[in-house]
Amino acid sequence: MLKNKKINRLLEKEKIGILIISRMLSQRLKKKATLKILNKTLLEIIIMRLQKDFNNENIYICTANDKFKKFHKMLSKSYNLKIFFGSEDIVLKRIIDCMNKFNLKHFVRVTADNVLINNSAIKEMLKSHIKNKSDYTFSDSLLPGTESEIFSLKSLKSIYKNVL
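It should be emphasised that the depicted structure is a prediction, and the values quoted were computed from it without experimental measurement. (Residues numbered from 1 in each chain as written. Predicted model: local features only at pLDDT ≥ 70, side-chain atom pairs only at ≥ 80, totals over all residues. Heavy atoms only, no water.)

Asks: I tried to follow helix H3 (residues 69–78) on my own but got confused; where do I start?
Replies: Taken as a whole, H3 has its buried residues at Phe-71, His-72, Leu-75 and Ser-76. Down the axis of H3, the buried set is contained in an arc of 130°. They therefore lie on one face. Those residues of H3 that are exposed and aimed more than 90 degrees away from the buried face are Lys-70, Lys-77 and Ser-78. Its buried side turned inward, H3 meets strand S1 (16–22), strand S3 (40–41), helix H2 (42–51), strand S4 (59–64) and strand S5 (82–86). Backbone geometry just downstream of H3 places Asn-80 in the positive-phi region, at approximately 55°. (Buried < 20%, exposed > 50% of the residue type's maximum accessible area, 1.4 Å probe, protein only. Helix = DSSP H or I, 4+ residues; strand = E, 2+ residues; numbered from the N terminus. Arc of directions from axis to C-beta. Contact = heavy atoms within 4.5 Å.)

Asks: Looking at this model, I keep getting lost on the pairing of S4. Mind explaining?
Replies: A regular strand carries its side chains on alternate faces of the sheet. The element S4 is largely enclosed, with a buried count of six among its six residues. Here five bridges tie S1 to S4, and the two strands are oriented parallel to one another. What sits directly across from Ile-18, in S4, is Ile-59. The pairing of S4 with S5 spans five bridges and is parallel. Paired with Thr-63 across the two strands is Phe-85, which belongs to S5. (Pairing = 2+ DSSP bridges.)

Asks: Please explain the pattern of salt bridges as it appears in this structure.
Replies: Two side chains carrying opposite charge are able to pair once their charged atoms lie near each other. Tallied over the entire structure, the rule returns five salt bridges. Between Lys-93 and Asp-97 there is a salt bridge, and its shortest N-O distance comes to 2.8 Å. Taken together, the residues span about one helical turn, with Lys-93 and Asp-97 both in helix H4 (residues 91–101) at a distance of four residues. By relative accessible area, which is 26% here, Asp-97 ends up partly exposed. (Salt bridge = Lys/Arg side-chain N within 4 Å of Asp/Glu carboxyl O.)

Asks: Where do I start with the sheet that holds S1 in this structure?
Replies: In a beta sheet, neighbouring strands pair by backbone hydrogen bonds and run either parallel or antiparallel. Read across the open sheet, the six strands follow the order S5-S4-S1-S6-S8-S7; overall the sheet is mixed. Edge positions in the sheet fall to S5 and strand S7 (136–138), since each has one partner strand and no second. Each strand of the sheet is rotated relative to its neighbour by a mean of 25°, with strand direction disregarded. Against the sheet, H2 contacts S1, S4 and strand S6 (106–111), and its axis sits at roughly 165° relative to S1. (Axes fitted to C-alpha atoms, helices over the stretch in contact; angles between N-to-C directions.)

Asks: Where do I start with unusual backbone geometry in this structure?
Replies: Keep in mind that most residues, glycine aside, have a negative phi and that most peptide bonds are trans. We note that Asn-39 has phi near 65°; this positive angle belongs to a residue other than glycine. The phi torsion at Lys-133 lies on the positive side, around 50°, for a residue other than glycine. Among the secondary structure elements, Lys-133 is positioned in the loop between helix H5 (119–131) and S7. Judged by relative accessible area, which is 75%, Lys-133 ranks as exposed.

Asks: Mind showing me how you'd approach the nonpolar core here?
Replies: The nonpolar side chains of a soluble globular protein tend to be buried with one another. If you look at the biggest cluster of nonpolar residues, it comprises 31 residues, and the most contacted ones within it are Leu-50, Phe-54 and Leu-126. Where this core is concerned, the elements lending two or more residues are helix H1 (5–13), S1, H2, S4, H3, S5, S6 and H5. The element contributing the most residues to this core is H2, with six residues. Those residues within four positions of Leu-50 in sequence are excluded, and the remaining contacts are Ile-18, Ile-20, Ile-59, Val-110, Ile-117, Asn-119 and Ile-122. Formed by 15 residues, the second largest nonpolar core is a distinct cluster that contains Tyr-60, Cys-98, Leu-104 and Leu-156. (Core = buried A, V, L, I, M, F, W, Y, C linked by side-chain atoms within 4.5 Å.)

As far as function goes, none of this settles anything; it's purely spatial.
And the structure:
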């Protein structure tokens, strides 16, 4: 499938990044992003699925500054993606810092264990998010494991400020 040039131009123009949020210290299933299906890690499968429709310049790995840096760096290099290492404990801070570093105004949240990510839904949500000048966009019509969300940096900063 050819990459959708129009949607990638929208991502660049509106400064929207697709952030793959990866964490290795889950309480229920540690190192889940490294688990393999047909010799590919879950994280690799997600990256390859996203790369079918989105340019590498718009996909980022956003992870914790922890002992699993080597794994994430290797994938970042192998798939030619930007990577950000941030707060281990405060995911919201990690995301905000990543967005600031790469000058993003909005981001699509993709979790590192969401191998059934729905690119078509992401594209539709992106169009709606920008058209409606939204701070938050989600779909409640997708099956668990296929969904993602879109946030504005402005809304995340407000949440972070008010939570603290």
